[in-house]
Amino acid sequence: MIGAVNSLRSFFFPEMLSNPRLIPVQGTLNVVMNQNVSLSCHSDSGTPPVRYTLFKHNQKISTLNRPDLTASLFNLTINSASDMGEYKCKAENNISGGGKYSNSLNFTLKEPISKPMLSSPTSQAKEGQNVTLSCLSENGSLPITYTFFKGRQSISPPVKMQKREAAVIFLFMNSSSDFGTYKCRAENSFRNNTKYSNSFNFTLAEERSHSQPLIISLGLILLLFIIGFALAIPFLIIPSYKAKKFKSTRSSTGFTSTTNAEEPEDYVIYTEIGTAKAAEGDTYCHSVSYYYY
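Residues numbered from 1 in each chain as written. Predicted model: local features only at pLDDT ≥ 70, side-chain atom pairs only at ≥ 80, totals over all residues. Heavy atoms only, no water.

What about the overall build of the chain?
So, step 1. Within the chain, the secondary structure is distributed over 2 helices and 23 strands.
So, step 2. Expressed as a percentage of its 293 residues, the buried residues of the chain come to 28%.
So, step 3. Long-range contacts, defined as pairs at least 24 residues apart, comprise 56% of the intrachain contacts of the chain with a sequence gap of at least 6.
So, step 4. Total accessible area on the chain stands at roughly 19,900 Å², and carbon and sulfur atoms take up 57% of it. (Helix = DSSP H or I, 4+ residues; strand = E, 2+ residues; numbered from the N terminus. Buried < 20%, exposed > 50% of the residue type's maximum accessible area, 1.4 Å probe, protein only. Contact = heavy atoms within 4.5 Å. Areas by Shrake-Rupley, 256 points an atom, 1.4 Å probe, with all protein chains shown as cover.)

This is the structure:
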């Protein structure tokens, strides 16, 4: 009886539709790839029949007609990132003009994370040195929470990353016990999806001997000395050889030279000294002088 009255009232006094509500039937907007989902579009008041249209990115994807004010269900399959949304629906009846639009919805893709990669700029360190460790999962829905381990012991509180960026921690290699094997763990909201990274080892760098640079320096100095001495040999031997040769030649001719202080530099007197016998048998010396310019 009440239904008949309402139908007659709607017939004689048609009402405009209220703004419809778009809600996920499964109760959550978190989805995984290839998941089937349903969206409900419903106007609470207005005169039926009602035509519901679903839009994705302002493009019409489906239309359903209802003879009454019951909700329309739109079934979708999430096949790619473009299927995440934005979704809206529109409700129209015979007097609604341009129709009424609902709220918008966007799905969030829950993607399982990939195995994280643990890395550092260096694998060797000295005691007392600061080092860094980076952990990153290339795939997986955000946010991702990272935890760092040495052996099986956690060495950091969980680090939640809202962006596709590596989680980084700083380590101080205080003693030999700080060297060893490290790992990290990555997890997100995807159920039962925790992944561990590769192992990363820090090893103790060998200390270089302080005498090594000194030995290298001394070797370079010795090498330079040998090269310098080798280059100086021609300048030391040739003049000495010429001097000896000249002295040998001068003594074989029996000439001695004198220089007159009153004459120019180029004026040289060569004197030949010899012996002669006198008639009486006495021996005396004589000399003959030659002048050269």
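Moving on, there is more to tell.
Some details on the sheet that holds strand E13 (residues 129-136)
So, step 1. Spatial strand order, E11-E13-E17: 3 strands in an open sheet with antiparallel pairing. Taken across any chain shown, the strands that pair with only one partner, and hence form the sheet edges, are strand E11 (117-119) and strand E17 (167-173). On average, each strand axis in the sheet is tilted by 20° relative to the strand beside it, whichever way the strands run.
So, step 2. Both E11 and E13 contribute to a ladder of 3 bridges, which runs antiparallel. For Ser119, the partnering residue across the bridge sits in E13 and is Ser134. (Pairing = 2+ DSSP bridges. Axes fitted to C-alpha atoms, helices over the stretch in contact; angles between N-to-C directions.)

Looking at the packing of aromatic side chains
So, step 1. Evaluation of the coordinates by the stated rule reveals 5 aromatic pairs.
So, step 2. Ring centres of Phe55 and Tyr101 lie 6.1 Å apart, and the angle between their planes is 45°; this geometry places the pair in the tilted category. Placement of Phe55 in strand E4 (residues 50-56) and of Tyr101 in strand E8 (residues 100-101) is noted, with a sequence separation of 46 residues between them.
So, step 3. On the basis of an interplanar angle of 80° and a centroid distance of 5.6 Å, the ring pair of Tyr182 and Phe202 is categorised as edge-to-face. Placement of the pair is Tyr182 in strand E18 (residues 180-187) and Phe202 in strand E20 (residues 200-204), with a sequence separation of 20 residues. Here Tyr182 matches Phe202 in class, with each residue buried.
So, step 4. Taken together, Tyr182, Phe200 and Phe202 form an aromatic cluster joined through their ring pairs. (Phe/Tyr/Trp six-rings, centres within 6.5 Å; stacked < 30°, edge-to-face > 60°.)

Focus: the sheet that holds strand E3 (residues 35-42)
So, step 1. Taken in spatial order, the 3 strands of this open sheet run E1-E3-E6, and their pairing is antiparallel. Across the chains shown, the open sheet's two edge strands, defined by having one partner strand only, are strand E1 (21-24) and strand E6 (72-78). Going across the sheet, the axis of each strand differs from the next one's by a mean of 25°, ignoring polarity.
So, step 2. Note: E3 against E6, 7 bridges, orientation antiparallel. Across the sheet, Leu39 pairs through a bridge with Phe74, a residue of E6.

As for a nonpolar patch on the surface
So, step 1. A contiguous nonpolar patch, built from Ile216, Leu220, Leu223, Leu224, Ile227 and Leu231 and spanning about 610 Å² of accessible area, is present on the exposed surface.
So, step 2. Counting through the fold element by element, Ile227 comes out in helix H2 (residues 211-253). (Patch = residues over 30% accessible without salt bridge, like charges linked within 9 Å, V, L, I, M, F, W, Y side chains within 5 Å. Salt bridge = Lys/Arg side-chain N within 4 Å of Asp/Glu carboxyl O.)

As for the pattern of salt bridges
So, step 1. Using the criterion set out here, one finds 5 salt bridges in the structure.
So, step 2. A salt bridge links Arg21 to Asp44; the shortest N-O distance between them is 3.8 Å. Of this pair, Arg21 sits in strand E1 while Asp44 sits in the loop between E3 and E4, and the two are 23 residues apart along the sequence.
So, step 3. Among the ionic pairs, Asp83 bridges to Lys56, the shortest N-O distance being 3.0 Å. Of the two residues, Asp83 sits in the loop between E6 and strand E7 (85-92) while Lys56 sits in strand E4, which places them 27 residues apart along the sequence. Here the two residues Asp83 and Lys56 agree in accessibility, since each one is buried.

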